[in-house]
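Observations on the three-dimensional arrangement
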Amino acid sequence: MMITVQIAEIKHVKAIVNVCIEAQWATYKELYSKEYIEQIISEYYNEERVYKEVTETGRGWGGWFVALDGEEVVGAGGGGMTGAREAEIYVLYLKPTRRNEGIGSKLLHAITLQQQELGATIQWVSVAKDNQKAIPFYEAKGFRFQHEEEAYEKGVHEDYISLRYAREVGK
């Protein structure tokens, strides 16, 4: 298996959507309501939005990166700059059957390099409270817990908590 990571192309849109939907259910089915997961999927992980995010990039959104096993998309992620020296990992998902192979590390590395080239010295990420798939991963990469806050997208009757993590990535 040779995993390669590259900036996503239009031909990857459907596969990015599929990876993100599979990962949403695998990651959050025990943490969030079915309605909330469906709301997030319909808003963020639809072909129209992902197409736009593949074709329209810039400082605030560096575009989707894909992890490829041959031609198969097995992971996807992206981030952007939120300030002169601050960056954010917005999304990083793998096919649930492909965890613990170093794929997430390769995606994170590619996004980090892009952000460092734009001047990032601090990198942030939000992780759902109790997300035991993501928390150990980010902590192993040097992210340190900073504070809790209300989740970015809230359902009508839900008050989910995000944990904010940060690490130094610049010189």
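Scroll up to find the structure.
Heads up: these notes are all about the structure in this document. (Residues numbered from 1 in each chain as written. Predicted model: local features only at pLDDT ≥ 70, side-chain atom pairs only at ≥ 80, totals over all residues. Heavy atoms only, no water.)

For the rest of this paragraph, the subject is the side chain of Thr112. Mapping Thr112 onto the fold places it in helix H4 (residues 103-117). At 3.0 Å, the side chain of Thr112 forms a polar contact with the side chain of Arg167. Apart from the residues within four sequence positions on either side, Thr112 is in contact with Gln123, Arg167 and Val169. (Helix = DSSP H or I, 4+ residues; strand = E, 2+ residues; numbered from the N terminus. Polar contact = N/O pair within 3.5 Å; in protein donor to acceptor, adjacent residues only side chain to side chain. Contact = heavy atoms within 4.5 Å.)

This next bit is on the layout of surface pockets. To find leftover empty space, one rolls a probe the size of a water molecule over the atoms. Roughly 1,200 Å³ of internal volume is contained in the largest pocket. Taken together, 44 residues form the lining of the largest pocket, with Tyr28, Tyr90, Val91, Tyr93 and Ser126 sitting closest to its centre. The greatest single-element share of the lining of the largest pocket, amounting to 7 residues, is contributed by strand S4 (residues 86-94). For the lining of the largest pocket, the class distribution of residues is 26 nonpolar, 9 polar and 9 charged. (1 Å grid on protein atoms, 1.4 Å probe; cavity = no way out; pocket = protein on both sides within 12 Å on 5 of 7 lines; lining within 4 Å. Points joined across faces, edges and corners; volume = space filled by probe spheres on them. Nonpolar A, V, L, I, M, F, W, Y, C, P; charged D, E, K, R; others polar.)

Along helix H3 (residues 47-55), the residues classified as buried are Val50, Glu53 and Val54. Summarising the axial view, the buried residues of H3 lie within an arc of 100 degrees, below the 170-degree limit, and thus occupy one face. Where H3 begins, one side-chain oxygen reaches toward the backbone nitrogen of Glu48, 3.2 Å away; that side chain belongs to Asn46. (Buried < 20%, exposed > 50% of the residue type's maximum accessible area, 1.4 Å probe, protein only. Arc of directions from axis to C-beta.)

Another point: unusual backbone geometry. Positive phi, normally seen in glycine, also occurs at Asn100, with a value near 65 degrees. Mapped onto the secondary structure, Asn100 falls in the loop between S4 and H4. Positive phi outside glycine occurs at Asp130, with the angle close to 70 degrees. Tracing the chain through its elements places Asp130 in the loop between strand S5 (122-128) and helix H5 (135-140). Look at Asp130 and you get exposed, because its relative accessible area is 51%.

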